[in-house]
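Observations on chain architecture
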Amino acid sequence: MLKPSVLHKLKTIVGHEHLSTVPEELVAYSYDATQREALPWAVARPASANEISQLLVLANQERFPVVPRGAGTGMSGGSVPTEGGVVLSLERMRRILEIDEENMVAVVEPGVVTGDLQREVESRGLFYPPDPASHQFCTMGGNIAECAGGLRAVKYGVTKDYVLGLEVVLPTGDVITTGARTAKSVAGYDLTKLMVGSEGMLGVVTKIIVKLLPLPESVRTQAAFFLSVDDAARAASKILTSRILPRALEFIDHAALRAVEHYLKEDLSDGAMAMLIVEVDGPEETTARENSKIADIMAACGATRVSKADSASEREQLWKVRRSISPALYTIKPKKVNEDIVVPRSKIPDILREVGDIAKRYGILIVNFGHAGDGNIHTNIMIDESELQKAEEAAKEIFAAALRMGGSISGEHGIGIAKAPYLPMELKPDALAAMRRIKRALDPNNILNPGKMFSPGD
Ligand SMILES: Cc1cc2nc3c(=O)[nH]c(=O)nc-3n(C[C@H](O)[C@H](O)[C@H](O)COP(=O)(O)OP(=O)(O)OC[C@H]3O[C@@H](n4cnc5c(N)ncnc54)[C@H](O)[C@@H]3O)c2cc1C
């Protein structure tokens, strides 16, 4: 709990109206998309790096935890204040500061919603490719902290590939800038890359410089349904080895399809067992040629139906299926344990088979969908509250299978609290110890987002 004198100092730093201890508000900042929750002692909504710096200096003096928070859409519990303290919400820092069209660079505050930046740059013929499925509500600060991926990663990479530089308030309150506004800069250690993916544990990101690309001339989307997961996986693999690089290649399994059909009250697939959504972009003639080649490949791999989207609204219809999965899954079971393993993409059929075997062995439903183009499959273990233990054991087997195939336990959602117990399955003790030393060097009092990523005794 915070002493009244500390609360008073916090109010002086961020302004009385921007510091709350009202119970209803504390609840609103207590959870993220993992459904895990813990109440903070207070919520602070600063408006500048300077206020954040003062707040962190106070936190070091008084030894209270500070947990940065964007939109709370995280899938690993990163913004959940498991040790109490102050949730530091970046919601007031939401200005797009600059779009430098000549140098194709944007500068934003961390609370900018990713989709807002995308729309703004697209209105000027520019393109910010990282595209988490949550782009309509997640923030750029959260994307940096988690190194968010998304639908277009197969062609364009992930958040780290676009961040040129940052302004960061270190856990001790020092404000630093990293990187540069240029395409090249090798001056000193690459602190930008260290901060990207650091899950709000090494600094609070207060300004972000990202590079932009020219907006592709055209985008074409199509979807296909298959009678088996193997056919769909074979089609995905054939597309990628046919010298076409789609900007999105999404896979949806039969359980996810049934859930979406139930949720949307529509028969979308005639009972198909798998669906692929494929999107290409580029010059008109190229996308037209690639689109029909992809349709041929999918038909040759046994697609029962291929639907091409000829208008923006048809495109929207196809993507609606993908976007409806998350809410639809809650109509199956009240709880889902969402994992985001990644494997070399040639191993997708193997991992899907193995996940199927694990589901049978444990007698639970596991729904699979995700970014087939980059091998990143979201395995959702659907359970009742009483089945949590079983789900955790199944998850551990899924991680072991992904690692055996040369993959990783998390493609884009991060470690947070959800995967902290499993991180030692992937990282050797020396690597974990090096990470802990970095954390201690930057945050000697363990103020910023404590209790995340590392389990006690790692
Ligand atoms: C329906 C749905 C779909 C999703 N799809 C994808 C997807 O396709 N790809 C993907 O990668 N993720 C996806 N996610 C996960 C999530 O949206 C991303 O991890 C996103 O980057 C989190 O952003 P946020 O603003 O909600 O951050 P939060 O959840 O608020 O925080 C996430 C982490 O970032 C830290 N943080 C937040 N802001 C800052 C800051 N300014 N400085 C330092 N640390 C900070 C927090 O402490 C926490 O550790 C999805 C989530 C949902 C609910």
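Parameters at a glance
- Residue positions are given per chain, counted from 1 along the sequence in the order it is written.
- It should be noted that, the model being predicted, local features are given only for residues of pLDDT at least 70 and side-chain atom pairs only at 80 or more, the latter also being counted only at that level, while totals for whole chains, interfaces and linings use all residues.
- To get the side-chain values, take all heavy atoms of the structure and skip hydrogens and water.
- Runs of H or I in DSSP of at least four residues are treated as helices and runs of E of at least two as strands, each being numbered from the N terminus.
- Throughout, the radius of gyration refers to the C-alpha atoms, and the reference size of a globule is 2.2 Å times the residue count to the power 0.38.
- Any residue under 20% of the maximum accessible area for its type is buried, any over 50% is exposed, and the rest in between are partly exposed; the area is computed with a 1.4 Å probe on protein chains only.
- Any two residues whose heavy atoms approach within 4.5 Å at even a single point are treated as in contact.
- A pair of strands is labelled paired if DSSP reports no fewer than 2 bridges between them.
- Convention adopted: a line fitted to C-alpha atoms gives each axis, helices being fitted over their contacting stretch, and angles between N-to-C directions are expressed from 0 to 180 degrees.
- Patch building starts from residues that exceed 30% relative accessible area and form no salt bridge, then joins like charges within 9 Å and nonpolar side chains (Val, Leu, Ile, Met, Phe, Trp, Tyr) within 5 Å.
- All accessible-area figures derive from a Shrake-Rupley calculation using a 1.4 Å probe, and residue coverage is judged against the displayed protein chains alone.
- The salt bridge definition used is simple: a Lys or Arg side-chain nitrogen within 4 Å of an Asp or Glu carboxyl oxygen.
- Nearness of a residue to a molecule or strand requires only that one of the residue's heavy atoms be within 4 Å of it.
- Any pair of N or O atoms that falls within 3.5 Å is considered a polar contact. Within protein, one atom must be able to donate a hydrogen and the other to accept it, and sequence-neighbouring residues count only if both atoms are side-chain atoms.
- When residues are sorted by character, Ala, Val, Leu, Ile, Met, Phe, Trp, Tyr, Cys and Pro go into the nonpolar class, Asp, Glu, Lys and Arg into the charged class, and all the rest, Gly among them, into the polar class.
- Here the expected length of a helix is defined as 1.5 Å per residue gap, with one fewer gap than residues.
- This arc is taken over the directions from the axis of the helix to the C-beta atoms.

Notes on the overall build of the chain
Broken down by element type, the chain carries 16 helices and 18 strands. Expected size for 458 residues packed as a compact globule is a radius of gyration near 23 Å; at 22 Å, the chain falls within 12% of this value. Dimensions of the chain, computed from C-alpha atoms along their principal axes, come out at roughly 70 × 55 × 45 Å. Burial analysis of the chain (458 residues in total) assigns 56% to the buried set. A fraction of 72% describes how many contacts in the chain between residues 6 or more apart in sequence connect residues 24 or more apart.

Some details on the sheet that holds strand 10 (residues 204-211)
Strands sit in the order 5-6-10-8-9 across an open sheet of five strands; the sheet is antiparallel. Bordering the open sheet on either side are strand 5 (96-100) and strand 9 (175-179), each of which pairs with just one other strand. Strand-to-strand, the axes of this sheet are offset by a mean angle of 10°, without reference to chain direction. For strand 6 (residues 105-108) and strand 10, the ladder comprises four bridges, and the chain directions are antiparallel. The residue bridging Val105 from the neighbouring strand is Lys211, located in strand 10. Along the sheet face, helix 4 (residues 114-122) touches strand 5, strand 6 and strand 10 and points at about 35° away from the line of strand 5.

Comments concerning unusual backbone geometry
Even without glycine at this site, Asn446 takes up a positive phi of about 50°. Relative to the helices and strands, Asn446 is located in the segment after helix 16 (429-442). Look at Met453: it is not a glycine, yet its phi comes out positive at around 70°. Relative to the elements of secondary structure, Met453 occurs in the segment after helix 16.

Looking at the side chain of Gln118
With respect to the helices, strands and loops of the structure, Gln118 is situated in helix 4. The exposure class assigned to Gln118 is buried, which follows from its relative accessible area of 5%. Each residue touching Gln118, except ones within four places of it in the same chain, is listed here: Tyr128, Pro130, Asp131, His135 and Arg152.

Re a nonpolar patch on the surface
A contiguous nonpolar surface patch, about 410 Å² in accessible area, is contributed by Tyr189, Leu191, Leu194 and Ile438. Here Leu194 is to be found in helix 7 (residues 191-195). For Leu194, a relative accessible area of 30% puts it in the partly exposed group.

Some details on the site of the ligand
Around the ligand, the structure places 36 residues, and the nearest of them are Pro68, Gly70, Thr73, Ser134 and Thr139. Between the ligand and Gly78 there is a distance of 3.3 Å, counted from an oxygen atom to a backbone nitrogen or oxygen. Bound to the protein, the ligand loses 95% of the 980 Å² it would expose on its own. Residue assignment for the shell around the ligand shows that the elements contributing at least two residues are strand 3 (66-69), helix 5 (140-146) and strand 10. With five residues, helix 5 is the single largest residue contributor to the shell around the ligand. Grouping the amino acids of the shell around the ligand by side-chain chemistry returns 13 nonpolar, 19 polar and four charged.

Some remarks on the pattern of salt bridges
It is possible for side chains of opposite charge to pair when their charged atoms get near one another. Overall, the coordinates contain 28 salt bridges when judged by the stated rule. As a salt-bridge pair, Glu279 and Arg247 come within 3.0 Å of each other at their nearest N and O atoms. Linking Glu279 in strand 14 (residues 274-282) with Arg247 in the loop between helix 8 (229-240) and strand 13 (248-253), this pair joins segments that are 32 residues apart in sequence. Each member of the pair, Glu279 as well as Arg247, carries the same accessibility label: buried. Two residues, Glu279 and Arg315, come together in a salt bridge whose shortest N-O distance is 3.3 Å. Taken together, the residues span a long stretch of sequence, with Glu279 in strand 14 and Arg315 in helix 11 (residues 312-323) at a distance of 36 residues.

Here's the deal with helix 14 (residues 388-404)
End to end, helix 14 covers 24 Å across 17 residues, agreeing with the expected 24 Å (1.5 Å per residue, within 8%). For helix 14, the set of buried residues is Ala391, Ala394, Ala395, Ile398, Phe399, Ala401 and Ala402. Viewed end-on, helix 14 has its buried residues packed into an arc of 160°, placing them on one side of the element. Pointing more than 90 degrees away from the buried face of helix 14 are the exposed residues Gln389 and Arg404. Backbone geometry just after helix 14 places Gly406 at a positive phi near 85°.

Quick look at helix 1 (residues 4-14)
When we look at burial in helix 1, the residues that qualify are Val6, Leu10, Ile13 and Val14. Taken down its axis, helix 1 places every buried residue within 75° of arc, on the same side. Within helix 1, the exposed residues directed more than 90 degrees away from the buried face are Pro4 and Thr12. Looking one or two residues beyond helix 1, the residue adopting positive phi is Gly15, at roughly 95°.

Remarks on the sheet that holds strand 15 (residues 305-309)
Strand order in the open sheet formed by seven strands is 15-12-14-13-17-18-16, with antiparallel pairing between adjacent strands. Edge positions in the sheet fall to strand 15 and strand 16 (335-339), since each has one partner strand and no second. The average undirected angle you get between the axes of adjacent strands in this sheet is 15°. Inspection of the sheet shows strand 12 (residues 218-226) paired to strand 14 by nine bridges, in the antiparallel sense. Along strand 14, the bridge assignment pairs Phe226 with Ala274. Packing of helix 9 (residues 254-264) onto the sheet brings it into contact with strand 12, strand 13, strand 14 and strand 17 (365-371), and relative to strand 13 it is tilted by some 85°.

Note that all results are geometric; they support no functional claim without further evidence.
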